[in-house]
Amino acid sequence: MPKQVLQAALLSAFLTLSGCEWDPPHDNPLDSTHPDYQPVGKLRIHVQTNIGRHIQDATVLLNKEGEQGRFSLTGGSGEAFFTELPVGNWLAVAFRDVVPDTIYERDSLMVTVNQAAETDTSIYLDALPFFESTAVNAITEGPSQNEAVSFLRMTARVNDPDGPGDLWRINWNLLDIIRGSLEYRPDPDSAYWWAEMPSDSFPTGNLESVRTLPFTFEAVDRDTNSSVSNPTYLARVIDNIPELETIADDIQPVKIRWFYTAWDEEFGDTLLFNYLVRIYSLVQEPVVVYDTLLVPNRGSFNEHTVTTHDFSFGHYSCEIWVLDLFGNSSRSSRTFQISD
């Protein structure tokens, strides 16, 4: 009989005769019979946008009653991986609030960790819209100074990483006293929103009364999550409008003359504005056929001759704008006609 077989037989006989059973020590915590043994598993969480893109640098928090919490940051693949998690139900919370990068609203879900297994799940986060720019401008227009009217134009250029279709509404607010919503205008690069309010909608009926007050904008997406812009202020109200003389019909090249006095209380000692000359064709729908920006002279009398465009038969409208460096303006217009 081989020596090893003989030794095993003798050991078995000894244990049988002595009435004892072999019981190894249970000092390994991974041993299921150890007093501190706790079954564990693994968890892999994919953090993605609503349109399925991976979100890097998102924070993932895990909480379970009676257990120490866990946290991790997602990598380039948008994954957070946890090992040695006690089995049971864990609350997983994910968010990203890194500025100036895209902000994602937090979301959560309950996930079950099973013994000696890896659980794989996903959390989808809503990207908050953000403001690329906001503006509040005063516009004064009319055929003459006595007939001029003023209104406030509010504009916001907004971007939503989940796509323009995810934007629900854009609101504007003035000190929680006056508020309203903006309308959508399509734009090739981002969502452009605007609203106009006549001057008599504001206290005292004069836009000067709101020139130092903060306007804020709120962008709300389809999940009703929102972000608020920094305060925006009205920089200037241009009350004075250029006085456009009648343009002679049937004369080419077209000569335009106007008078404008830059008031000291509007622009100070320096000329902080430009003239914009714009001509529309009125044959069908108004179409811009001429547009040029001019540096003003120091006098009130101004003249401009259009030498770069031959006007065909039809009716036209000429506008003279006074534009400051912030987008505030005043304007007047006249119509004229070109015949065969």
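Refer to the structure printed above.
Residues numbered from 1 in each chain as written. Predicted model: local features only at pLDDT ≥ 70, side-chain atom pairs only at ≥ 80, totals over all residues. Heavy atoms only, no water.

Attention shifts here to the sheet that holds strand β16 (residues 243-244). Remark on secondary structure: sheet strands pair via backbone hydrogen bonds, oriented parallel or antiparallel. With respect to topology, 3 strands assemble into an open sheet ordered β16-β17-β20, the strand pairing being antiparallel. Pairing within the sheet leaves two strands with one partner each, and these edge strands are β16 and β20 (301-305). Direction of pairing for strand β17 (residues 255-259) relative to β20: antiparallel, over a ladder of 5 bridges. Residue pairing in the sheet places Ile256 in a bridge with His304 of β20. (Pairing = 2+ DSSP bridges. Helix = DSSP H or I, 4+ residues; strand = E, 2+ residues; numbered from the N terminus.)

In terms of burial, strand β1 (residues 40-49) is largely enclosed, as 7 of its 10 residues are buried. Summarising the sheet, β1 and strand β7 (residues 118-125) pair through 8 bridges and their orientation is parallel. Pairing of Arg44 across the sheet is with Asp120, part of β7. (Buried < 20%, exposed > 50% of the residue type's maximum accessible area, 1.4 Å probe, protein only.)

Before going further, it helps to examine the pattern of salt bridges. Proximity of charged atoms lets side chains of opposite charge pair with each other. The final tally for this structure, using the stated rule, is 10 salt bridges. When the shortest N-O distance is used, the salt bridge between Arg44 and Glu79 registers 3.1 Å. Of the two residues, Arg44 sits in strand β1 while Glu79 sits in strand β4 (residues 79-86), which places them 35 residues apart along the sequence. On the basis of relative accessibility, which here comes to 26%, the residue Glu79 falls in the partly exposed class. Ionic pairing is found between Arg44 and Glu118, a salt bridge with its closest N-O pair at 3.0 Å. On the criterion of sequence distance, the pair formed by Arg44 in strand β1 and Glu118 in strand β7 is long-range, its members being 74 residues apart. (Salt bridge = Lys/Arg side-chain N within 4 Å of Asp/Glu carboxyl O.)

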